[in-house]
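Chain by chain, the residues run as shown.
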Amino acid sequence: AIRFYEDTVRIRPEYPSAHYNLAQVLKAKGDNPTRVAVELQTVLNIIGPNDSNRDRIQKEYDEAKIKADEAIKKAQEAAKNQQTLQSTQSAQPQAR
């Protein structure tokens, strides 16, 4: 399903339903919250301010953005911890 919606948004980038559906299948997969937020933001950029679905999609975007920010923070912390571990290991004298 992801590939189908990716192809659809590539062919019809101004088609909000394709972006929305892509966001939904990505959300269900659960491994890329940043991309979910990007797709929902794209929908909000495409639809008009008076669209009947705007409030619901805005709420979904806000939730996705929080999850994306949390995922970025976790990745940054993991990278920092890895750097600290590598620095500690390289600072220790090597046994001969």
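On a predicted model such as this, the values are computed, not experimentally measured, just so you know. (Residues numbered from 1 in each chain as written. Predicted model: local features only at pLDDT ≥ 70, side-chain atom pairs only at ≥ 80, totals over all residues. Heavy atoms only, no water.)

(A) Fine view of the nonpolar core. Residues Val36, Leu40 and Ile57 are the most contacted members of the largest nonpolar core, which totals 17 residues. Broken down by secondary-structure element, the contributors of at least two residues to this core are helix 1 (2–11), helix 2 (16–29), helix 3 (33–46) and helix 4 (54–91). (Core = buried A, V, L, I, M, F, W, Y, C linked by side-chain atoms within 4.5 Å. Buried < 20%, exposed > 50% of the residue type's maximum accessible area, 1.4 Å probe, protein only. Helix = DSSP H or I, 4+ residues; strand = E, 2+ residues; numbered from the N terminus.)

(B) Local environment of the side chain of Thr8. With respect to the helices, strands and loops of the structure, Thr8 is situated in helix 1. Note on Thr8: relative accessible area 16%, which makes it buried. Once residues within four sequence positions are removed from consideration, Thr8 is found in contact with Tyr15 and Ala18. (Contact = heavy atoms within 4.5 Å.)

(C) Expanded view of the packing of helix 1 against helix 2. Where helix 1 contacts helix 2, the axes come no closer than 9 Å and their chain directions differ by 150°. In terms of axis orientation, helix 1 runs roughly antiparallel to helix 2. Of the two elements, helix 1 crosses helix 2, and the hand of that crossing is left-handed. Of helix 2, the residues touching helix 1 (which contributes Ile2, Tyr5, Glu6, Thr8 and Val9) are Ala18, His19, Asn21, Leu22, Val25, Leu26 and Lys29. A per-class count over the contact of helix 1 with helix 2 returns 7 nonpolar, 3 polar and 2 charged. (Axes fitted to C-alpha atoms, helices over the stretch in contact; angles between N-to-C directions. Parallel < 35°, antiparallel > 145°, perpendicular 65-115°, else oblique. Left-handed = near helix turned anticlockwise from the far one by under 90°. Nonpolar A, V, L, I, M, F, W, Y, C, P; charged D, E, K, R; others polar.)

(D) The arrangement of the packing of aromatic side chains in detail. By the definition in use, this model includes 1 aromatic pair. Ring geometry for Phe4 against Tyr5: centres 5.1 Å apart, planes inclined by 75°, an arrangement best described as edge-to-face. For Phe4, a relative accessible area of 52% gives the class exposed. (Phe/Tyr/Trp six-rings, centres within 6.5 Å; stacked < 30°, edge-to-face > 60°.)

(E) Here's a closer look at the pattern of salt bridges. What the rule picks out here adds up to 6 salt bridges. Notably, a salt bridge pairs Arg10 with Asp7, separated by 2.3 Å at the nearest N-O pair. With Arg10 and Asp7 both in helix 1, this residue pair falls 3 residues apart, about one helical turn. Exposure remark for Asp7: the relative accessible area of 29% places this residue in the partly exposed category. For Lys29, the salt bridge identified is with Asp31, shortest N-O distance 3.6 Å. (Salt bridge = Lys/Arg side-chain N within 4 Å of Asp/Glu carboxyl O.)

(F) Structural detail: the packing of helix 2 against helix 3. Here helix 2 crosses helix 3 at 160°, and the two axes come no closer than 8 Å. With respect to helix 3, the element helix 2 is oriented roughly antiparallel. Regarding helix 2 and helix 3, the two cross each other, and that crossing is left-handed. Contacts from Pro16, His19, Tyr20, Leu22, Ala23, Gln24, Leu26 and Lys27 in helix 2 reach Arg35, Val36, Glu39, Leu40, Thr42, Val43 and Ile46 in helix 3. When the residues that make up the contact of helix 2 with helix 3 are grouped by side-chain class, the tally is 9 nonpolar, 3 polar and 3 charged.

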